[in-house]
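# Per-entry structural report
Next come the chains, spelled out residue by residue.
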Amino acid sequence: MSQRPGGSDDAPENDGGRFDRLPATAADRRVPGRATRAEVLDWWDERFGVPPETFDGHTFWEKGSGKLWAFADDVPSPIDVEGVGMTFLRTRQEHWKPTTTAVKRWGRLATRNVVTLSPGEASAFAAGHDQALPRWDGDWGYLVAAHELAGDPEPIGVGLYVHGELRSVVPKGYQEELPDLSAADAGAARSE
Amino acid sequence: MNPLDRYAPLVDDEAAFRAACERPLPSVVRVNTILGDADRVAAAFDAEGTGYERADWHDGVFRLSGGSPGTTWPYAHGWVHGQEEVSALPALALDPDPGERVLDACAAPGSKTTQLAALMDDRGTLVGNDTNLGRISALRHNAERLGVTDLVVDQQNARNYSLKHLGFDAFDRVLVDAPCSCEGTVRKNPDALETWTLDHVHEIAGVQKGLLRRAVQATRPGGTVVYSTCTFAPEENEAVLDHVLREEDCRVEPWDPPLDARPGVTGWDGETYDPDVERASRVYPHLNDTGGFFVAKLRVGGDAADGADAEVAA
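Residues numbered from 1 in each chain as written. Chains lettered and ligands numbered in written order. Predicted model: local features only at pLDDT ≥ 70, side-chain atom pairs only at ≥ 80, totals over all residues. Heavy atoms only, no water.

- For chain B, an unreviewed UniProt entry supplies the name RNA methylase, NOL1/NOP2/sun family protein and the organism Candidatus Halobonum tyrrellensis G22.
- We quote the UniProt Sequence similarities (unreviewed entry) comment for chain B here in full: "Belongs to the class I-like SAM-binding methyltransferase superfamily. RsmB/NOP family." (UniProt positions renumbered as here; feature names shortened; annotations may be inferred.)

- Labelled according to an unreviewed UniProt entry, chain A appears under the name DUF7122 domain-containing protein, originating from Candidatus Halobonum tyrrellensis G22.

Following this line, the structure appears as structure tokens:
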């Protein structure tokens, strides 16, 4: 509880034990360092091309330091409960990081910073392995890692691209050894 | 004593009942329509070579030929969730609409909660309540994995659940999937019979009455409460309904389950119950080759709010 993210001594502080609704804009901000709704909408739009209206039905909340939640309705703020919607963004750090679950939920709407992996790469990524990816010539930083499945692209999780390498930041609890679909494709082609 | 002995008089085919209780259950997944689509799940299972059979009574229920679904792509994407077939019934009975206020009073670990979220199209306020923090952690994990954003996770004693912090004073619908003596899960958990005692049945029935009474009180007039258990014990099923029908303003609604079921029983062990409890559904393992289940749909009395009965007019 020692964190004091700047601001005057009498400014309200982030209370990690409860959920607070994000202020709409910087002009409404009372708690220093707290992201605003406008900043969050801009971030999804700028980083991934996810349109701001995607979140029209959602309210945004902070609990803990910088962990943001998206909730499909509204409740009075602050609220002392165990969860309000879904964790979707980590702020209060230089590079904001989307959660794996947010990318699974909204990553299909992303139009930039999406890397489509081959079947072998997709399996390695899902298992939590880092891999060289020299073909990526887009931005460094957090990407949506996707693959083709049952005819359409599908986001798998969040990758961190730095120095020619795609690091899997799939949390341990979500890492899994999954089938390499290149073999399945070959089998399907043979049977036609 | 084998507790199944006491239920033999209730079933129409005792030998089939006992034989079904001995057979293990297949691994079953439900399609999570927040992130997935049943036909795309089928195509992905085909592409990776996962064997399955689709249930004829529900488009989104797949029985897997192998074991756990955890190492499949549809699971990794949150398109499916492991859930015993028969346990899909209570959420279907509650039948929530998008945008409503819904309470799942005993929510963890969240199979039925996340099914409710999907039926709500992930819009509205779904409160998933449980008392145990460890189980709440499982509920949160499952909800996140399945992309649920309309869920408020709460930790209260559901027998005196307070809505004060939520900014509204009644739910449209409440599910009470009550803790119970669980003989219906014997096919996946044979220990359920070994730890069974009649004392526990009576003790838990007291808890169940408190849970269902509070659920009725917390629901708006004209709203819906579903009561479900995975036990065959009338003490925990019809007797609980009978008690709440006497104490609270509500009635049992007819509900036709999509699986073969038997009506609730109106008498047991020298007691007789309100005849309306016949409208409840008992699912025995041999009827559909599933686990055992009990489910009842209640309508809360009083003056319905404007539009609450609009579907009757429509």
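### Let's talk about the UniProt feature "domain: SAM-dependent MTase RsmB/NOP-type" (unreviewed entry) in chain B
- Mapped onto this structure's residue numbering, the UniProt feature "domain: SAM-dependent MTase RsmB/NOP-type" (unreviewed entry) falls at residues 17–301 of chain B.
- Helix and strand shares over residues 17–301 of chain B are 31% and 24% respectively, and the end C-alpha atoms of the span are 37 Å apart. (Helix = DSSP H or I, 4+ residues; strand = E, 2+ residues; numbered from the N terminus.)

### A few points about the packing of helix 9 (residues 198–217) of chain B against helix 10 (residues 238–247) of chain B
All names here are of chain B.
- The contact between helix 9 and helix 10 brings their axes to 9 Å, and the two run at 45°. Considered as vectors, helix 9 and helix 10 are oriented oblique to each other. Of the two possible hands of crossing, helix 9 and helix 10 adopt the one that is right-handed. Where helix 9 approaches helix 10, its residues Ala205, Gln208, Lys209, Leu212, Arg213 and Val216 are matched on the opposing element by Ala239, Val240, Leu241, His243, Val244 and Glu247.
- Across the contact of helix 9 with helix 10, the residue classes tally to seven nonpolar, two polar and three charged. (Axes fitted to C-alpha atoms, helices over the stretch in contact; angles between N-to-C directions. Parallel < 35°, antiparallel > 145°, perpendicular 65-115°, else oblique. Left-handed = near helix turned anticlockwise from the far one by under 90°. Contact = heavy atoms within 4.5 Å. Nonpolar A, V, L, I, M, F, W, Y, C, P; charged D, E, K, R; others polar.)

### Section: the side chain of A:Glu154
- Positionally, A:Glu154 belongs in strand 10 (residues 152–162).
- With a relative accessible area of 1%, A:Glu154 lands in the buried category.
- There is a polar contact of 3.1 Å between the side chain of A:Glu154 and the side chain of B:Arg40.
- When sequence neighbours within four positions are dropped, the list of residues in contact with A:Glu154 reads A:Arg108, A:Ala145, A:Ala146, A:His147, B:Arg40, B:His77 and B:Trp79. (Buried < 20%, exposed > 50% of the residue type's maximum accessible area, 1.4 Å probe, protein only. Polar contact = N/O pair within 3.5 Å; in protein donor to acceptor, adjacent residues only side chain to side chain.)

### Looking at the domain arrangement of chain B
Residues and elements named next belong to chain B.
- Domain annotation of chain B identifies domain 1 (3–25 + 85–309) and domain 2 (26–83).
- Each partner contributes residues to the interface: domain 1 has 21 residues there, and domain 2 has 19 residues.
- For the pair domain 1 and domain 2, the two sides together bury roughly 1,600 Å², of which 56% comes from carbon and sulfur.
- Interface area lost by domain 1 to domain 2 is led by Glu85, Arg145 and Leu146, which between them contribute 43%.
- Connecting domain 1 to domain 2 are twelve residue pairs in polar contact (both at pLDDT 80 or more).
- Looking at the side of domain 1 that touches domain 2, the elements that each hand over two or more residues are helix 5 (89–94), helix 6 (111–119) and helix 7 (133–145).
- Ranked by the residues each element gives to the side of domain 1 that touches domain 2, the list is headed by helix 6, at six residues. (Domains from an automatic or database assignment. Buried area = accessible area lost by both parts, 1.4 Å probe.)

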